[in-house]
Protein chains: 2
Amino acid sequence: MAGDTISFARGAPSADILPHEQVREAASRALASDWETALSYGVGIGHPGLCRWVAERHGHLDADQVMITNGSLEAGAMLFGHLLGPGDRVVVEQPTYDRTLLLLQQLGVELVPVRLEADGLDVGQLEAALSEGPVKLAHVIANAHNPAGCTLSTEKRHRLVELAAEHDFWIFEDDPYRELPFEGEPLQTMLSLDEGGKVVHASSFSKTVSPGVRVGYLAGPAEEIGKLAKKANETYISPNMLAESIVLELCRSGELDRNIEFVKGELKARCDALVAALREQLPEAEFVVPDGGYFLWLDLAEGTDTPALLAEAKSEGVSFVAGPDFMIEGGGNSLRLSFAPVPADRAAEGVSRIAGALERMRSGSPA
Amino acid sequence: MAGDTISFARGAPSADILPHEQVREAASRALASDWETALSYGVGIGHPGLCRWVAERHGHLDADQVMITNGSLEAGAMLFGHLLGPGDRVVVEQPTYDRTLLLLQQLGVELVPVRLEADGLDVGQLEAALSEGPVKLAHVIANAHNPAGCTLSTEKRHRLVELAAEHDFWIFEDDPYRELPFEGEPLQTMLSLDEGGKVVHASSFSKTVSPGVRVGYLAGPAEEIGKLAKKANETYISPNMLAESIVLELCRSGELDRNIEFVKGELKARCDALVAALREQLPEAEFVVPDGGYFLWLDLAEGTDTPALLAEAKSEGVSFVAGPDFMIEGGGNSLRLSFAPVPADRAAEGVSRIAGALERMRSGSPA
């Protein structure tokens, strides 16, 4: 194995792009000016100031349409628990985020797979699924998809919101990467297009501040948010008020926006380096070039066994997540690369190790 | 209404006893020395350093017997979800904490009430319940009971652990007030007496640091903790790493112990003032004098309607929680007073307002 392992596995930034000094200064300011809220019990919605800030950031929301949560994964879990029961038909993208897929499987819902295209969910396949019976909820990762790297087009956003109104299903707009497009402004959220009250949006500060703060949020119809906040209060009284106070200070002071600019630049450089290395060293690989976020989804030649490749790759000192983790079935010739944890100058070496592992596996002479 | 409302309702400290300056300094140190752990994703157990610290604090645990959680209420909810299914018989103290009672009711278990005595759970009644059929879990608030104010005797702790081994049921030792006895050292936990691996202990830093940090923990058999940590990881990836890093810094630096001494002194003064005022102004009230914690449970004359009294009291500018909230049935002549939020010099005025409300209600001339 050549040197330290290069991990394209985890959807997490490397430590060198965590804004630790800014968080330290924000903590000091928050605990000087906002300590009473930061250190006391709150209620289910979390820090009211952060609810207001998020509502204003979205531009079209009232504060009672927002609740802050301990990250957005648990927010999704609460939403699923609130809206879904066993046997409900739930549309999931293919591939989709492995953690939400597991949560849905544990609920005993009927999963209805819909494939992704370069511009997001295949709407024709969704319409076919709707014609076969009622759907309760569609889980849609709108921007810089995890794991697929694609972004849902504006046209499809409009169409999905129309379909939700027409067929009376919920859209869970799962959107942690919205603020990280490499070029231009984020697209309009489906939440902002929704006039029928059928969209619940989730996002988080894990990718714009740091994962360890565990601060996420839900935004949607005030009535549903009220019910979810009651459930949150019954489960954990309030989410983390201290972390939320610190995040709010970062938001208000402008540090959040400065950090987003910095992180986008770093991520784009990492993505560019990975794309260049893949084109050079792994020309058979097919992928959508990500326009933001953390992830690139790679299809290798039919018949490639990526779980076996992963075992071989680990012995070469490189890791990723094999495709089947993100699929209800199939995915065996695909894999997910997270470029967020790999500095640009390490990308070529990482891809070289993957290419080496692939060659060794195919030549029948594994390490 | 005479002046601002005096609230004996919420189990929360008043702002004047929150150690905000110490937390601010600890945050600054934690984010200088431990920022990588504080700002990154962890796993289901939370901050490994805090797991180790808690294990050492208990003195008889290995670190793999501890997982840090977002407060202890959600920890209990996870434990209930893990161990219990609909129809399981679950022993609950009467009265008991209203929030755990609600969580158990939502799970559809069969609640088996066991009354409290001045030294905790009535063991004879528990044995009678065990003779009627298998019990899956007993929820026991061991120290400075919420709402009853009593502490489980050492003798009963030994007996409960024996019964759990003999009858194969779990004890959930719910213990957020353990570190706050007004005199002497905390009693031995049931966890420390347990040789059969049937005790899971929960506690938190809400009452020793601050509620807003939302840092609690579970400790118990390594195998069960491992399963619960996996479930936690599936639900929220990791608990709040930032808050845990700050709490760990308070623990290591000695600030936690200094704050516990300060808080115990304040709470004892508040409790003493409340007890003196009750004896003087409400002589019919019967109660166990708390030996720690936050709460005093008050029985008024038979036939008193404490929910009606609460409505009257609110118009007098005082509040509390009426007894039925803590009971499966009954409790109508009881109420819970939390002395933690009421400074000692306000206790007499608060009790005077309750006495006034009671007199007015009984004289048939409500405000």
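Criteria and thresholds
- Residues numbered from 1 in each chain as written.
- Chains lettered and ligands numbered in written order.
- Predicted model: local features only at pLDDT ≥ 70, side-chain atom pairs only at ≥ 80, totals over all residues.
- Heavy atoms only, no water.
- Contact = heavy atoms within 4.5 Å.
- Buried area = accessible area lost by both parts, 1.4 Å probe.
- Salt bridge = Lys/Arg side-chain N within 4 Å of Asp/Glu carboxyl O.
- Polar contact = N/O pair within 3.5 Å; in protein donor to acceptor, adjacent residues only side chain to side chain.
- Helix = DSSP H or I, 4+ residues; strand = E, 2+ residues; numbered from the N terminus.
- Phe/Tyr/Trp six-rings, centres within 6.5 Å; stacked < 30°, edge-to-face > 60°.
- Buried < 20%, exposed > 50% of the residue type's maximum accessible area, 1.4 Å probe, protein only.
- Lys NZ or Arg CZ within 6 Å of the ring centre and 35° of its normal.
- 1 Å grid on protein atoms, 1.4 Å probe; cavity = no way out; pocket = protein on both sides within 12 Å on 5 of 7 lines; lining within 4 Å.
- Points joined across faces, edges and corners; volume = space filled by probe spheres on them.
- Nonpolar A, V, L, I, M, F, W, Y, C, P; charged D, E, K, R; others polar.
- Pairing = 2+ DSSP bridges.
- Axes fitted to C-alpha atoms, helices over the stretch in contact; angles between N-to-C directions.
- Lys, Arg positive; Asp, Glu negative; His and termini not counted.
- Domains from an automatic or database assignment.

1. Side note on the interface of chain A and chain B
Alright, step 1. Listed as interface residues are 47 residues of chain A and, on the opposing side, 47 residues of chain B.
Alright, step 2. Of the roughly 4,100 Å² buried where chain A meets chain B, counting both sides, 59% is carbon and sulfur surface.
Alright, step 3. One can count 0 salt bridges joining chain A with chain B.
Alright, step 4. Remark: the boundary between chain A and chain B carries 26 residue pairs in polar contact (both at pLDDT 80 or more).
Alright, step 5. Contributions of two or more residues to the side of chain A that touches chain B are made by α1 (20–33), α2 (35–39), α4 (72–83), α5 (98–107), α9 (222–236) and α10 (241–253) of chain A.

2. Quick look at the packing of aromatic side chains
Alright, step 1. Scanning the model with the defined rule gives 16 aromatic pairs over all chains in all.
Alright, step 2. With a centroid separation of 5.7 Å and an interplanar angle of 85 degrees, the aromatic rings of A:Trp297 and A:Phe326 are classed as edge-to-face. Residue A:Trp297 is found in strand β10 (residues 295–299), and its partner A:Phe326 is found in the loop between β12 (321–322) and β13 (334–338); the two are separated by 29 residues along the sequence. As far as burial versus exposure is concerned, A:Trp297 and A:Phe326 are alike and both buried.
Alright, step 3. When the centroid spacing of 5.8 Å and the interplanar angle of 50 degrees are considered together, the rings of B:Tyr294 and B:Phe295 count as tilted.
Alright, step 4. B:Phe295 sits in the buried class, given a relative accessible area of 1%.
Alright, step 5. By way of ring pairs, the aromatic residues A:Trp53, A:Phe205 and A:Tyr217 are connected into one cluster.
Alright, step 6. It is A:Lys198 that lies over the ring of A:Trp170; its NZ or CZ is 4.2 Å from the centre.

3. Structural notes on the pattern of salt bridges
Alright, step 1. Under the criterion given, the structure shown has 50 salt bridges over all chains.
Alright, step 2. Of the charged contacts, one joins B:Glu127 and B:Arg159 as a salt bridge, the two residues approaching to 2.5 Å between their closest N and O atoms. Of this pair, B:Glu127 sits in helix α6 (residues 123–131) while B:Arg159 sits in helix α7 (residues 154–167), and the two are 32 residues apart along the sequence.
Alright, step 3. Judged by relative accessible area, B:Glu127 falls into the partly exposed class, the value being 31%.
Alright, step 4. With a relative accessible area of 27%, B:Arg159 lands in the partly exposed category.
Alright, step 5. Each member of the salt-bridge network shares a partner with another, and the members are A:Asp16, A:Glu266 and A:Arg270.

4. Focus on the side chain of B:Ser206
Alright, step 1. With respect to the element layout, B:Ser206 can be found in the loop between β8 (199–204) and β9 (216–219).
Alright, step 2. A distance of 3.3 Å separates the side chain of B:Ser206 from the side chain of B:Arg214, its partner in a polar contact.
Alright, step 3. Those residues in contact with B:Ser206, other than ones at most four positions away along the chain, are A:Tyr41, B:Pro211, B:Arg214, B:Val215 and B:Tyr294.

5. Topic: the layout of surface pockets
Alright, step 1. Here the largest pocket is characterised by a volume of approximately 990 Å³.
Alright, step 2. Along the walls of the largest pocket sit 24 residues, with A:Ala77, A:Gly81, A:Lys231, B:Ala77 and B:Lys231 positioned nearest its centre.
Alright, step 3. Tallied by class, residues from the lining of the largest pocket come to 11 nonpolar, 8 polar and 5 charged.

6. Description of the sheet that holds strand β2 (residues 66–69) of chain B
Think of a sheet as strands paired side by side through backbone hydrogen bonds, with each pair either parallel or antiparallel.
All names here are of chain B.
Alright, step 1. Ordered in space as β2-β9-β8-β7-β6-β3-β4-β5, the 8 strands form an open sheet in which the pairing is mixed. Of all strands in the sheet, those with a lone pairing partner are β2 and β5 (120–121), marking the two edges.
Alright, step 2. The sheet contact formed by strand β4 (residues 110–117) and β5 spans 2 bridges and is antiparallel. In the sheet register, glutamate 117 faces β5, and the bridge partner there is glycine 120.
Alright, step 3. Of the strands in this sheet, β4, β5, β6 (137–141), β7 (170–174) and β8 are in contact with α7, which crosses β7 at around 145 degrees.

7. A look at the side chain of A:Asp174
Residues and elements named next belong to chain A.
Alright, step 1. Positionally, aspartate 174 belongs in strand β7 (residues 170–174).
Alright, step 2. Within the buried set, aspartate 174 has no salt-bridge partner at all; the shortest N-O distance to an opposite charge, 8.3 Å, is to lysine 207.
Alright, step 3. With residues near it in sequence (within four places) discarded, aspartate 174 still touches Thr100, His139, Val140, Ile141, Ala142 and Ala202.

8. Thoughts on the domain arrangement of chain A
Residue and element names in this part refer to chain A.
Alright, step 1. By domain assignment, chain A separates into domain 1 (2–18 + 257–363) and domain 2 (20–253).
Alright, step 2. Computed over C-alpha atoms only, the centres of domain 1 and domain 2 are separated by 26 Å.
Alright, step 3. Counting residues at the interface gives 29 residues for domain 1, matched by 35 residues for domain 2.
Alright, step 4. Summing the contributions of domain 1 and of domain 2, the shared interface buries around 2,600 Å²; its carbon and sulfur component is 59%.
Alright, step 5. At the surface where domain 1 touches domain 2, the tally comes to 1 salt bridge.
Alright, step 6. The shortest N-O distance in the salt bridge between aspartate 257 and arginine 57 comes to 2.8 Å.
Alright, step 7. Linking domain 1 with domain 2 are 10 residue pairs in polar contact (both at pLDDT 80 or more), by the criterion used here.
Alright, step 8. Residue assignment for the side of domain 1 that touches domain 2 shows that the elements contributing at least two residues are α11 (255–281) and β10.
Alright, step 9. Of the residues assigned to the side of domain 1 that touches domain 2, the class counts are 16 nonpolar, 4 polar and 9 charged.

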